[in-house]
Structure formats: C-alpha cells, structure tokens
Amino acid sequence: MPDQPADAVAALAAGSAALEELGSRIWSWQIVHQPRNRDDIPRVERPAGWLPDFCAATVASIRDQRSAFADELAALDVGEDVSDLVDRRLLISLLARVEWELDVVRSWQRQPRFYLDQSIGTVFDALLRPGVDAERIREVVRLFSAAPGILATGRENLTGHAFAECAALALDELTDIEKRCAAVGAALAQIYPELGTAVTEAAGAAAAALVTFREWLVEQHPSMTPWVPVGAVAYQQFLRDVAVMPFTPEQLLAIGSAELDRAIALEHLERNRNRVAGRPPAPMPADIEAQVALEDRQEAEVRQFHVERGLLSQPESLGRYLFAKMPAYLEPFGFLGVCDDLTSATRLDENSVKYTPAPGPDLPYFYAANAVDPRAGIVHEGAHYQQLALAWRHPRMLRRHFYDSGANEGVAFYNEEMTLAAGLFDDAPDTRVILYNFMRLRALRVKVDVGLATGTLSIAEAARYLGTEVPMDAATAAQEAADFAEGPGQAISYQIGKTQILSLIADAARQRPGQDVDIQQLHDYLWRNGNVPIALCRWEFLGLTDQLAQIGVVLPGQQPPTS
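Every chain is numbered on its own, with residues counted from 1 as its sequence reads. Local features in this predicted model are restricted to residues of pLDDT 70 or higher, and side-chain atom pairs are both shown and tallied only at a pLDDT of 80 or more, whereas totals for entire chains, interfaces and linings draw on every residue. Each side-chain value is worked out from all heavy atoms of the structure, with water and hydrogens disregarded.

Trainee: Help me out: how do you make sense of the overall build of the protein in this one?
Mentor: A tally of helices and strands in the protein yields 23 helices and three strands. Here the radius of gyration uses the C-alpha set of atoms, whereas the globule reference equals 2.2 Å times the residue count to the power 0.38. Relative to the 2.2 N^0.38 estimate, which gives 24 Å for 563 residues, the radius of gyration of the protein is 24 Å and therefore close to what a compact globule would have. Its C-alpha atoms put the protein at 70 × 65 × 50 Å along the principal axes. With 563 residues in all, the protein has 55% of them scored as buried. The criterion used for residue contact is that any of the two residues' heavy atoms lie within 4.5 Å. A fraction of 79% describes how many contacts in the protein between residues 6 or more apart in sequence connect residues 24 or more apart. Accessible surface area values rest on a Shrake-Rupley calculation with a 1.4 Å probe, where residue burial reflects the displayed protein chains alone. Approximately 23,100 Å² of the protein is accessible, and the part contributed by carbon and sulfur atoms is 54%. Across the protein, 50 positive and 76 negative side-chain charges occur, with their mean positions spaced 2 Å apart. Counting from the N terminus, the helices are DSSP H or I runs at least four residues long and the strands are E runs at least two residues long. Relative accessibility decides the category of a residue: with a 1.4 Å probe and only protein chains considered, values under 20% of the type maximum give buried, values over 50% give exposed, and everything between is partly exposed. Positive charges are assigned to Lys and Arg, negative charges to Asp and Glu, while His and the chain termini are left out of the count. Note on charges: their place is set at NZ of Lys, CZ of Arg, CG of Asp or CD of Glu.

Written as structure tokens, this is what we have:
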C-alpha cells in the first residue's frame, strides 16, 4: 500500500467504503426479511417489534428489492483489491440465496413446516438466551399472539402449492402441539406469575391456530402435489452462485463416496483396537449436574489444548461454550431448532450455552454422544461458537454475517478430526469411535443431499439409508432426511467444507516446499473468516485463482464466460 500513488489509495478506500455502505443497506434489509429456520448458524438479531411476513405483497417487494440491490452491486466499481472483491462476491452469494429460497426451493409455498418456524419457532428463538425475565416473557406473549395471523397467511400461500410429503412431516410435528404450547406457557407462568395469565392465554391462542392449521392440512393433504426435487440444474446453480463451491454434483458424490469408505474403515480399525485392548465402555455421568460440571472442566481443557499444541489462538476476550440443563420452558419446543445460544454480535461478553437433557440410555444420536464425552460436542458446536464470536469481531463488516454453511460447518467438522489427529482423544477410545462415526454420517449426508436434490432418493429412502448406514436412531434419521429434503445444499456443507480446508492446507504446503505450514496462523485466519466460503479464503489467503471460474468470479479486466 505505501508504494501506491495517493490517488490509487484514495480510489481503493472509496471503493471499500462504497461496498461497505451498500452491504450495510443490504444486510439491514436481509435481517428483516430472512426467514426464520432451524439452523443455529444463520440466526440473526431482529429489530424490535419484528414479525415474519410472507404475504403476497411482501414477497413481491422482496423480489423487487433483491433485483434492485443486484443491479446496484453489479454497477459498483470496487477496484482490484482481492479482499474487496471477496466481499463483493459475498454479497452476490447473499442475493443469490434470497432468490434460491424464494423462487427455487419456495419453502413459503411448498413446506407447511415453514409456518411452524415463522410462528412458534420465533418463540423458541426468544427463549434461548439464559435468564428469562418479565421482558422476555412479554416478547413471547407478543410472538404467540402473532401466530394466528402468520398461520392464516401460510394457508393462503400453501394452497395449491404444498407438497404432500412436506405436509405429512408437519402433521407429525403437530400431533400434540396443544400440549406443547400449554407446557411452554405454564413453565413461563411459574417463572413470572404476574404475567401468567397473559402468557398462558397467548399460548392457548397460538395452540388453537396451530390446531386449525393441522386440521386444514389433514383436509388438504389428499389433493396435494407429490414432493418434487429441485433438480440437477438448479442444484448446480446453487453450488456455484450461493454456496460458492467449485464442484459439480458428480464430484460431490465422488468425494462423499471416498470419504464414506475412509470413515467406515477407520471406525472399524478403532473398534478393533479397543476390542484387542479389552477396554470397557466409558461410563456416563451420573446425572445432568455431573455432566454440566464435566463439560465445564473439559471445555477449559480443550481451549488450553489448542494453545499448547499451537493450533488456534484463544483470546482472553472470547467467552466460553458451556452445557446447561434443558429448561422446562424450552424442552416442549426442542424440535424447532438446535437447543443452544451461540450469543451474537452485540453480546460478545456473554458465554454460549448448550441446553442438554439428562444422560441416559435412550438419548438421540448427538445427545448420546455428548453424554459419553462432552468433548464430542465441544469440538464441533464449541467450534461454531468460537468461529462465530471471532467473525463477529472481524474488522470487515461484511464478514460478520452468514452466507452459506460450507465454511461454518467445514470449520467445525475439520476441528473434530484436527483435534483427534493432534491427540486430544488419546485417552478416550469410545470417543474416537464416535468421531469416526460422525465422519461416516457427514460423508453419508453428501450422498443423501445430492440424491434428494437431484431426485435419485425419496425422503423415505434417505431416512432408511441414514438409519441403516450410520447407523442412527429412526427418529433422528427421519428428522435429518426431512430437513435435507426441505433445505437442499445444507447437508453437504460438513464434508465438502472440511475437504476444501484440507486442500487449502495442502496447497499452503505446496507453496513452501520443505517448510512447515504455520498451522496456527492458518487456523486463526480460517476461524476469523469462518463465514467466508473456503474457495474465497483460498484466493485471498494463498493468492490462488484456478477455482475462480467455477465459482462465478470474473477478475477486473476479464470478460465473463459466454453460455
């Protein structure tokens, strides 16, 4: 920079400022209109008084504004600075995701569970932050009270468009919804009795609207259209434009198949190692209090491990990722999302909390793993918290936001194998088996995601495949298959993101033959930029441009490819 002429420096600064100003306006708009979903990574803090709105007029307005923003971004000259060009590509990804969700996946027209998320899913989100008080209960009353109107809009939008299989998934979740709403209201009333009547009445009104929605689904279900996948062409467009991944669906399948074989082999080698050694199974904590205390100690040990092994910096300002007992007011709505609070950009001084049920023999797949060894969750969900908390501190505003799960889930999944290879679990044979089984699941998810998106797998076939091949409990398998069918492109993010990170490390080593890669420096960059697709990180961090054409990046002075 010092060697550049003053006018070039001024032009560069102007380009960065204009890009950030436009990006700020786009994100202020997106936070209002982004649909609520069940993933914990894309959660955003909404403006006061916010409610989901997908009426016809609002949907039309979203389309128009997205197009206007896309035109404004295309006309903006950001210069040749790679970091600015990366940030510009992030905004292109964001606007492509809006179009993908609104006009390709069309959850607002096809998936009845979408309106469970927009109505009572918002209540679940409001209750995640620890320390529920009167102000929070008033917010829950407001959200419960809005549910009837949101569900009425849902019936209008779904009429003539809803998929039968998606309606069946919603009906399963609505089976005992009256009891669930009542349980949430009653638990909150006990916390603050002065608002007991208000919250129980609002919960009752929401429950009545949900029952009406359920009855409408039952009536409409026989005439609904069968589920239709997005198709290979649209899926390829998602990979390039939204996920910013330089792969075809066929390449994804090849990666998933190779990694599945690797994971199965490693898992069985580990099982054999433990069998020959005659090691008994690890005992579970006696109760939830013991599990919470164990996780507290282990989380500190994992952070220290990262420092001592030169793997990842741990700033003192970084909060902690801690377990807590599942609250009575949250458990009935647990099906509506990941039961954790990863904090936010405005709560950087707070710890992250993962709510967990008591340890026992019949827990679902991931809760069972955390009961065996809380570190199984610390090295994944805990990595999510640290990655997000570091990204929220990023000096570049546009990198503080979520764009696609490939980077976020790739970092967390990579952290699992990285800590395993570094020796964190040398004392835990059962956990090593669990982590290899996690690898198996994430590789299978690639095959399931591609199969569902391109139409070679049905939802029921995907559930059976996950249940038998991981294996995992039938309820978790069914939930995963449903989520992946309704949100194509998310399930690939774990394995493909990790694969890209491993390739980035290998490329870094190739650039300096005979020298060690500064692993901590690389990891610090990846975690801090953990919202940035890995192909873009590779361009910025290593200066490699060979994948840019596959992710739709045209360098200054180049002509876009003709089609």
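Picking up after the structure, the text goes on.
Trainee: Is there a simple way to think about unusual backbone geometry in this case?
Mentor: Trans is the prevailing form of peptide bonds, just as negative phi is the prevailing case for residues other than glycine. Geometrically, the link from Val470 to Pro471 is a cis peptide bond, its omega value of -15° lying close to zero. By the secondary structure assignment, Pro471 is in the loop between α19 (459-469) and α20 (474-486). Not every positive phi belongs to a glycine, and Arg106 is a case in point at roughly 55°. Locating Arg106 in the fold gives a position in the loop between α3 (82-105) and α4 (107-110). Even without glycine at this site, Val244 takes up a positive phi of about 55°. Inspection of the secondary structure assignment puts Val244 in the loop between α11 (232-242) and α12 (249-277).

Trainee: Whenever I open this one, the nonpolar core confuses me. Can you help?
Mentor: The nonpolar side chains of soluble globular proteins are, as a tendency, buried together. Core analysis: the biggest nonpolar cluster contains 158 residues, and Phe144 and Phe333 have the highest contact counts within it. Apart from residues lying up to four places away in sequence, Phe333 is in contact with Ile120, Val123, Phe124, Phe144, Arg180, Cys181 and Val184. Grouping buried Ala, Val, Leu, Ile, Met, Phe, Trp, Tyr and Cys residues that are joined through side-chain atoms within 4.5 Å yields what is termed a nonpolar core. Counting residues in each nonpolar core, the second largest holds 18 residues, with Ala96, Tyr235, Leu239 and Val450 among its members.

Trainee: Even after reading the chapter, I still don't get the pattern of salt bridges, so can you show me in this structure?
Mentor: Opposite charge on two side chains allows them to pair when their charged atoms are near. Salt bridges, as used here, are contacts in which a Lys or Arg side-chain nitrogen is within 4 Å of a carboxyl oxygen on Asp or Glu. One pass over the structure, following the stated rule, counts 42 salt bridges. Among the ionic contacts, a cluster of salt bridges with common partners joins Arg36, Arg38, Arg113, Asp117, Asp125, Glu173, Asp483 and Glu486.

Trainee: Just to check I follow, could you spell out the pairing of strand β3 (residues 352-356) for this structure?
Mentor: If a strand is regular, its side chains alternate between the two faces of the sheet. With five of five residues buried, β3 is to be regarded as a mostly interior element. Burial along β3 is two-sided: Ser352, Lys354 and Thr356 facing one way and Val353 and Tyr355 facing the other are all buried. Alignment of strand β1 (residues 321-325) against β3, held across five bridges, turns out to be parallel. Residue pairing across strands places Leu322 opposite Val353, the latter belonging to β3. Strands are labelled as partners when DSSP assigns at least two bridges between them. As paired strands, strand β2 (residues 340-341) and β3 are joined by two bridges and run antiparallel to one another. Its bridge partner lying in β3, Asp340 is registered against Lys354.

Trainee: I'm lost on the side chain of Asn529 in this one. Help?
Mentor: Of note, Asn529 is situated in the loop between α22 (519-528) and α23 (534-542). A residue is classified by how much of its surface remains accessible, and Asn529, at 2% relative accessible area, is buried. Distance and chemistry together define a polar contact, namely a pair of N or O atoms within 3.5 Å, with one atom able to donate a hydrogen and the other to accept it when in protein, and with adjacent residues in sequence counting only for side-chain atoms on both sides. At a separation of 2.9 Å, a polar atom in the side chain of Asn529 contacts the side chain of Arg399. Apart from the residues lying within four places of it in its own chain, the contact partners of Asn529 are His394, Arg399, Cys537 and Glu540.

Trainee: What am I meant to see in the packing of helix α14 (residues 365-372) against helix α18 (residues 429-454) here?
Mentor: For any two helices packed against each other, the geometry comes down to the angle between their axes and how far apart the axes lie. Orientation is described by lines fitted to C-alpha atoms, with helices fitted over the stretch in contact, and by angles between N-to-C directions that extend from 0 to 180 degrees. At a minimum axis distance of 10 Å, the contact between α14 and α18 shows a crossing angle of 160°. By the angle between their directions, the pair α14 and α18 is classed as roughly antiparallel. At the point where α14 passes α18, the crossing takes the left-handed sense. Facing α14, whose interface residues are Tyr365, Phe366, Ala369 and Val372, α18 presents Asp430, Ile434, Asn437, Phe438, Leu441, Arg442 and Arg445. Residues are grouped as follows: Ala, Val, Leu, Ile, Met, Phe, Trp, Tyr, Cys and Pro are nonpolar; Asp, Glu, Lys and Arg are charged; every other residue, Gly included, is polar. Broken down by class, the residue content of the contact of α14 with α18 amounts to seven nonpolar, one polar and three charged. Convention used here: angles under 35 degrees read as roughly parallel, angles over 145 as roughly antiparallel, angles from 65 to 115 as roughly perpendicular, and any remaining angle as oblique. The hand of a helix crossing depends on one turn: near helix anticlockwise from the far one by less than a right angle means left-handed, and clockwise means right-handed.

Trainee: Quick question: what am I supposed to make of the environment of Leu444 here?
Mentor: Structurally, Leu444 can be placed in helix α18. Between the C-alpha atoms of Leu444 and Ile492, which are 48 residues apart in sequence, the distance is 9.0 Å. In this view, Leu444 contacts Leu260, Tyr465, Leu466, Glu469 and Val470; residues no more than four positions away in its chain are not counted.

Trainee: When you look at the packing of aromatic side chains in this model, what are you seeing that I'm missing?
Mentor: Any aromatic ring pair is given by two values, namely how distant the centres are and how the planes are angled relative to each other. Geometry of aromatic contacts follows a simple scheme: Phe, Tyr and Trp rings, the Trp one being its six-membered ring, pair when their centres are within 6.5 Å, and the pair is stacked under 30 degrees between planes, edge-to-face over 60, tilted otherwise. Enumeration over the complete set of coordinates arrives at 13 aromatic pairs. When the ring of Trp100 is compared with that of Phe238, the centres are 4.8 Å apart and the planes differ by 35°; the resulting orientation is tilted. You can see Trp100 sitting in helix α3 and its partner Phe238 sitting in helix α11, a full 138 residues away along the chain. Take Trp100: its relative accessible area is 6%, and that puts it in the buried class. Ring centres 6.3 Å apart and planes at 70° place the aromatic pair Phe144 and Phe333 in the edge-to-face group. With a gap of 189 residues between them, Phe144 in helix α7 (residues 134-158) and Phe333 in the loop between β1 and β2 connect regions that are remote in the sequence.

Trainee: Whenever I open this one, the side chain of Ser93 confuses me. Can you help?
Mentor: One can find Ser93 in helix α3. Apart from the residues lying within four places of it in its own chain, the contact partners of Ser93 are Asp241, Val242, Val244 and Tyr403.

Trainee: Quick question: what am I supposed to make of the confidence of the model for the protein here?
Mentor: Low pLDDT marks regions whose predicted coordinates should not be analysed in detail. Confidence of the predictor at the level of single residues is given by pLDDT, which spans 0 to 100. Here the protein averages 94 in pLDDT, and 96% of its residues register 70 or above. The low-confidence segment residues 1-5 (pLDDT under 50) makes four contacts with residues lying over four places distant or belonging to another chain.

Trainee: Just to check I follow, could you spell out the sheet that holds β2 for this structure?
Mentor: Strand pairing in a sheet relies on backbone hydrogen bonds, with the paired strands running either antiparallel or parallel. The three strands are arranged β1-β3-β2 in an open sheet whose pairing can be described as mixed. Two strands lie at the open edges of the sheet, namely β1 and β2, each paired on one side alone.

Trainee: Quick question: what am I supposed to make of the environment of Phe69 here?
Mentor: As for its placement among the helices and strands, Phe69 is situated in helix α2 (residues 56-75). Taking C-alpha positions, Phe69 is 57 Å from Pro281, a pair spaced 212 residues apart along the chain. Beyond its immediate sequence surroundings of up to four residues, Phe69 is in contact with Leu22, Arg25, Ile26, Trp29 and Leu95.

Trainee: What exactly am I supposed to notice about the environment of Gln515 here?
Mentor: If you trace the backbone, Gln515 turns up in the loop between α21 (493-511) and α22. Polar contacts involving the side chain of Gln515 include one to the side chain of Arg512, which spans 2.8 Å.

Trainee: Teacher, can you tell me more about the packing of α3 against α23 here?
Mentor: Between α3 and α23, the shortest axis-to-axis distance is 10 Å and the interhelical angle comes to 170°. If you check the angle between α3 and α23, you find them roughly antiparallel. Note on element contacts: α23 touches α3 through Leu536, Trp539 and Glu540, opposite Val82, Ser83, Leu85, Val86, Arg89 and Leu90. Looking at the contact of α3 with α23 residue by residue, the classes come out as six nonpolar, one polar and two charged.

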